[in-house]
Amino acid sequence: MAHASVEPARPRPPARPTAEVAGLVGVGGLIAALVAAGLTALSGARPAAALGLPDPGTLTLIGLPAMRAVAEVCMVLTIGAVLLAAFLVPPQRSGYLDVAGYRALRAASWTAAGWTVAALLMVPLSTAEALGRPVDQLLDPVVLLDLVPRLEPATTWAITSLVAVLVLVGCRSVLTWGWTVVLLGIALLGPLPVMFTGHSSTGGAHDLASDSLVLHVIAASLWVGGLAAVLVLATARGPDRAEALATAVPRYSRLALVCWLVVAGTGVLNALVRIPLDALVGSAYGTLVLAKAVALLVLGGLGALHRRSSVSAAARGEPAALLRLGGIEVLLMLATIGLAVGLGRTAPPDTGAGPPSRVEVLIGYDLAGPPTLARLALDWRFDLIFGTAALVLAGCYLLGVRRMHRRGDRWATGRTVAWLTGCAALLLATSSGLGRYGPAMFSVHMGQHMILGMLVPILLVLGAPVTLALRALPPAGRSRPPGPREWLLAAVHSPVARLLTHPLVALALFVGSYYALYFSALFPAALPEHWAHKVMNLHFLLVGALFFWPIVGVDPAPRRLPPAARMGLVFASVPFHAFFGVAVMGANTAFGGDYYRSLALPWVPDVLRDQQLGGGLAWAAGEIPLLIVVLALLIQWSRQDERSAKRADRQADEHGDTELEAYNAMLRRLATGGPPLVAQSDENADEPGHTKEFTTSAGGPESPAVDPVPDPVSADGGTGGEPADRPGGARED
């Protein structure tokens, strides 16, 4: 997958970019730390005092936001550098990283080291703030090991430090492009633990706030970190800089626009969840929100200037304009990170709405009443993660179909209908009343599970999205760096995809995950956490897609199963699925009963009875998607036979029926003992060597020269000599 040299040898990058990255981390981290600490001091935010705890001291008050800003700056720069190595600069043809990619990973290892140290320092600082004790009293490792598992902020920072360590080790050991993509996925997990412990994870509407914050932080990390990585690439010295910039700058420019739109939209939504419009002016929280909005608009204007003046020049190997504008932009971005840290430590103003209800605290919103059919269909609450994914997937698919039609290529309407129906089912399961009542009732959750785990994957794989993407996306060609089409092909044929689509592995994941989740402590532990509901929904979608992709999918797959094996795999899953529904109905204890009872829903007086209803839904509704699979398999099997017959007819029309001629030649060889050619099968029956030849011998006036053998078979199903309906068969005695 590349365009440069084919040598897998480890390149030796210059030392200059590493020094520049260190300087960028120092300056950016200092700016962000000063902004975060200054805003915290000015706002007088003392969470411990607000909770009635002793003051942990000025060191913790100032040091905690400053260290958090440093940790987030290092995290963002690490993500950007790994992004550059994975997707912004091409690897070698052998799959090993080229010089620019290897240099980016080496730079990421230094920022990952800073991220690790800052995250580790956040553990005692967050513990000191939570307990209201000076941080110097909590530096004993034994004390920390005892306290950290009991305190959520300290636990999340400990998890973040483990992610940073994994990224650090990966940056020092990874040499190939495929593992760099995996490393980027791990790095993007780094911001998630801390995001679910701030203001957005508590109070009313915390589902919308948490989802918007996830999209906001990930988009901001790619945007800010990617720009810093491109600037470091522009300052590098070497013959590969111009070629690397020609690929990296246009790619980053397109990514930056998408990230800016996501950051702007989710930032506005998150602010509206926390503070009403009339409270923006006159409160410290509102002032910080307005300041962040102004910074975002300024950054958008600088990005527009980049696209007009510096992107094309930098792509030609002239990065002067990019460095001038980019230096200002990246410093403003890092200062905005400090502003965001200060905003996160400032309490929103009291709107006078009163304390939220028990249900609103646990799931983020209130429920209007029992889940009637009207409420399940019309009481919508848009899911920012999966609802947005459904709309984006439908839009991208339609764009691909449009490109196919404009090019004059045909695309089956049935595939488009299947894909759009799957996207609609995904939107319905997560954003309608099903998604609204799913976290509160086991029966609705199980219905949502059946749709996400079985119906949606079947419809999506029937839409053949990979085939459409491979046809719609332009190929990179031999002389250009690999692009999205080549990345998709690499993912389809990767060892990971081959392992996950193995029939036994896919069956174990699809069926076994039901039992592992519901008949263990995982389900009760996941119910109170909003992020755990998202992970469960994503898990249902992924394992369903992995199971049905090699069965009914028409896309290229690492493993192509014969029709009989596909049908057998489907029927092998049926008893396991049916037994799961029966086991849920027959359970004597409610799964997650304490959580469901704590909601105290008046229309769910008996949570065990609601669970039995959910088990019945799993047992009955699960057969409908399996019926769709069987019908799809039968149709595909029939069409495959039709295509094979048409192909054979075309070959017979063009080249003759070679198999029939070969069979006749074999019969002639058995009759004569000679080695006739296949072409001799058209010879006259009177010629010597034909199976109808008669000779005079001493045994009688007229007898066969050899023992009788079957006559040649004609293309119409009869025999080569007399008509098939002639009495006495095809031979004369």
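Residues numbered from 1 in each chain as written. Predicted model: local features only at pLDDT ≥ 70, side-chain atom pairs only at ≥ 80, totals over all residues. Heavy atoms only, no water.

(A) Just the pattern of salt bridges, in detail. One pass over the full model with this rule turns up eight salt bridges. A salt bridge links Arg-381 to Asp-207; the nearest nitrogen and oxygen atoms lie 2.8 Å apart. On the criterion of sequence distance, the pair formed by Arg-381 in the loop between helix 14 (373–378) and helix 15 (386–407) and Asp-207 in helix 9 (residues 206–235) is long-range, its members being 174 residues apart. Just as Arg-381 is buried, Asp-207 falls in that class too. In this structure, the salt-bridge partner of Asp-409 is Arg-407, at a minimum N-O distance of 2.8 Å. Owing to a relative accessible area of 33%, Asp-409 belongs among the partly exposed residues under this scheme. (Salt bridge = Lys/Arg side-chain N within 4 Å of Asp/Glu carboxyl O. Helix = DSSP H or I, 4+ residues; strand = E, 2+ residues; numbered from the N terminus. Buried < 20%, exposed > 50% of the residue type's maximum accessible area, 1.4 Å probe, protein only.)

(B) Spatial organisation of the nonpolar core. Judged by nonpolar contacts, the single largest core of 79 residues is most densely connected at Tyr-518 and Phe-523. With 11 residues, helix 18 (residues 442–462) is the single largest residue contributor to this core. If near-sequence neighbours (up to four positions away) are discounted, Tyr-518 is found in contact with Phe-442, His-445, Met-446, His-449, Phe-523, Phe-540, Phe-580 and Phe-591. Within the second largest apolar cluster, 55 residues are counted, among which are Ala-85, Leu-233, Ala-234 and Val-263. (Core = buried A, V, L, I, M, F, W, Y, C linked by side-chain atoms within 4.5 Å. Contact = heavy atoms within 4.5 Å.)

(C) Main features of the environment of Leu-527. Relative to the assigned elements, Leu-527 resides in the loop between helix 23 (522–526) and helix 24 (530–552). Here Leu-527 falls in the buried class, since its relative accessible area comes to 2%. Residues Leu-527 and Tyr-595 lie 68 residues apart in sequence; the distance between their C-alpha atoms is 7.0 Å. Here Leu-527 is in contact with His-533, Phe-591, Gly-592, Tyr-595 and Tyr-596, once residues within four sequence places are set aside.

(D) Quick peek at the packing of aromatic side chains. Across all of its chains, the model carries 18 aromatic pairs by this definition. Here the aromatic rings of Phe-519 and Phe-591 are separated by 5.2 Å at their centres, their planes lie at 75 degrees, and the arrangement is edge-to-face. Residue Phe-519 is located in the loop between helix 22 (503–518) and helix 23, and its partner Phe-591 is located in the loop between helix 25 (563–586) and helix 26 (593–599); the two are separated by 72 residues in the primary sequence. Its relative accessible area of 11% is what places Phe-591 among the buried residues. On the numbers, 5.0 Å between centres and 80 degrees between planes, the contact of Phe-547 with Phe-548 is edge-to-face. Of the two residues examined, Phe-547 and Phe-548, each falls in the buried class. These aromatic residues form a ring-pair network of at least three members: Phe-442, Phe-510, Tyr-514, Tyr-515, Tyr-518, Phe-519, Phe-523, Phe-547, Phe-548, Phe-580 and Phe-591. (Phe/Tyr/Trp six-rings, centres within 6.5 Å; stacked < 30°, edge-to-face > 60°.)

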